[in-house]
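A look at the structure
Chain residues, written in single-letter form:
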Amino acid sequence: MPSLFQEFQLKDVRLKNRVGVSPMCQYSSEDGFPNDWHFVHLGSRAVGGAGLVIVEATAVSPEGRISPADSGIYLDEHVEPFARIARFMKQYGAVPGIQIAHAGRKASANKPWEGDDHIETGKGGWDTIAPSAIPFGGNLNKTPMEMTVDDIAGIQNAFVAAAQRSLAAGFEWLELHFAHGYLAHEFYSPLANKRTDRYGGSFENRIRFIMETFTAVRNVWPDRLPLTARLSVTDWIEGGVTVEESIELVRRLKDAGLDLLDVSHGFVTPDISQVPWGPGFMIPITSRIRQETGIPTAAGWMITDPHQANDAIQDQHTDMVVLAREMLRDPYWPYHAAVALGVEEASEILPIQYARAVKAK
Ligand SMILES: CC(=O)[C@H]1CCCN(Cc2ccccc2)C1
């Protein structure tokens, strides 16, 4: 069986293959509620054969949404609509996952197709918060309010409550969003964090928010279920976070109970000129982190080809892959990959309703 289609056991959860659907913002909610769009968008990727489907960045508080249309799990009423989606995904063989997030200074923005820019406070937007009163820049140029230590504790409590609601909704895989220039990454990166208290300055201080938040969530998330994190392991920019620092952070998260790292990069400033874009460009860095920390990994970014994905796993560079845009192009990518890799009975990746018919020539 090709490596891509071998099962993957993580704690008490077993993925039927190594293909994950990356969390992808849909900007399609009202007051955070998932709806028929999310049910079809996520359900169809479970039907298409992915071993893991992760729900988009779901806000732990209303002001933690990137846009007013982001999904959220900051209300108890959010649980049941998400539970319906998680049940369906599980019924069709995908492990139901969810990413919980706070957008920090990148919050209060328009949808990408409506400008991707900040919305003025009082005109549909809201005041943003961050470790320091430093704007992201570009079209997200609102200056955030510097968080007090009480604000920090409040957001950490919101992450804990969001984790508890995620469990109640039936999710079995939780990913903390520590990447892409959102709140946790803003604390981690010297490019965004100029604090002079115990949450800023030294490496120890800059990782404090991440370590405290992770530990608080670990304490409420069952040990038998994977607790994972997506981390921007490099800012690519002088003065930003480095892979070397991130290896030390990952070691500490692993010691604190991290079960897998979803390796990502960048986006703490508008400058993406240093990013070495290209097919699978994050696989070598993922491999290094996996090697040097021993943490199971998910590799993402510009992975599109079945052989490319299979080789990354076969060659021990990562435990699994997470696909985003490729899954938008083709929800049935896992089935097509199985055919491409010569998996016997590839049609059985699909639900019973389809399998025989799909096999027939
Ligand atoms: C929530 C999150 O992490 C998402 C939001 C949308 C942009 N994503 C990052 C991204 C940037 C440029 C091209 C593709 C993807 C990050």
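See the structure above.
The text that follows walks through the structure, step by step, so that each part is easy to find. Bear in mind the structure is a predicted one, so any value in this text is a computation, not a measurement.

**Observations regarding the nonpolar core**
One finds Leu4, Leu176 and Ile289 to be the most contacted residues of the largest nonpolar core, which totals 100 residues. Tallying contributions element by element places helix α3 (residues 149-168) first for this core, with seven residues. Ignoring sequence-local partners within four residues, the contact set of leucine 176 consists of Ile100, Phe159, Phe214, Val217, Leu227, Thr228, Ala229 and Arg230.

**So, the site of the ligand**
Residues in close proximity to the ligand include Cys25, Tyr27, Ala57, Ile66, His177, His180, Tyr182, Phe267 and Trp301, which together make up its full environment. In this structure, an oxygen atom belonging to the ligand sits 2.9 Å away from a side-chain N or O atom of histidine 177. Within the side chain of histidine 180, a nitrogen or oxygen atom sits 2.6 Å from an oxygen atom of the ligand. Protein chains shield 66% of the accessible area of the ligand, which is 400 Å² for the free molecule. Of all the cavities here, the one that holds the ligand is the largest pocket. A class-by-class count of the residues in the shell around the ligand yields seven nonpolar, two polar and no charged.

**Side note on the packing of aromatic side chains**
For the coordinates displayed, the defined rule picks out 11 aromatic pairs. Seen in terms of ring centroids, phenylalanine 82 and phenylalanine 171 are 6.0 Å apart; in terms of plane orientation they differ by 70°. Their pairing is edge-to-face. Remark: phenylalanine 171 occurs in the loop between α3 and β8 (173-178) and phenylalanine 82 occurs in helix α2 (residues 79-91); sequence separation between them is 89 residues. In this pair, the class of phenylalanine 82 matches that of phenylalanine 171, namely buried. Each ring, one from phenylalanine 267 and one from tryptophan 301, has its centre 5.7 Å from the other, and the planes form 25°; the classification is stacked. Of the two residues, phenylalanine 267 sits in the loop between β10 (260-264) and α8 (283-293) while tryptophan 301 sits in the loop between β11 (297-299) and α9 (306-314), which places them 34 residues apart along the sequence. Judged by its relative accessible area of 19%, tryptophan 301 falls in the buried class. Joined through ring pairs, the aromatic side chains of Trp236, Phe267, Trp277, Phe281 and Trp301 make up one cluster. Its end group placed over the ring of phenylalanine 39, arginine 84 keeps NZ or CZ at 3.9 Å from the ring centre.

Reading the values: rules and limits
- Residues numbered from 1 in each chain as written.
- Predicted model: local features only at pLDDT ≥ 70, side-chain atom pairs only at ≥ 80, totals over all residues.
- Heavy atoms only, no water.
- Core = buried A, V, L, I, M, F, W, Y, C linked by side-chain atoms within 4.5 Å.
- Buried < 20%, exposed > 50% of the residue type's maximum accessible area, 1.4 Å probe, protein only.
- Helix = DSSP H or I, 4+ residues; strand = E, 2+ residues; numbered from the N terminus.
- Contact = heavy atoms within 4.5 Å.
- Near = heavy atom within 4 Å.
- Polar contact = N/O pair within 3.5 Å; in protein donor to acceptor, adjacent residues only side chain to side chain.
- Areas by Shrake-Rupley, 256 points an atom, 1.4 Å probe, with all protein chains shown as cover.
- 1 Å grid on protein atoms, 1.4 Å probe; cavity = no way out; pocket = protein on both sides within 12 Å on 5 of 7 lines; lining within 4 Å.
- Sits in = over half its atoms within 2 Å of the grid points.
- Nonpolar A, V, L, I, M, F, W, Y, C, P; charged D, E, K, R; others polar.
- Phe/Tyr/Trp six-rings, centres within 6.5 Å; stacked < 30°, edge-to-face > 60°.
- Lys NZ or Arg CZ within 6 Å of the ring centre and 35° of its normal.

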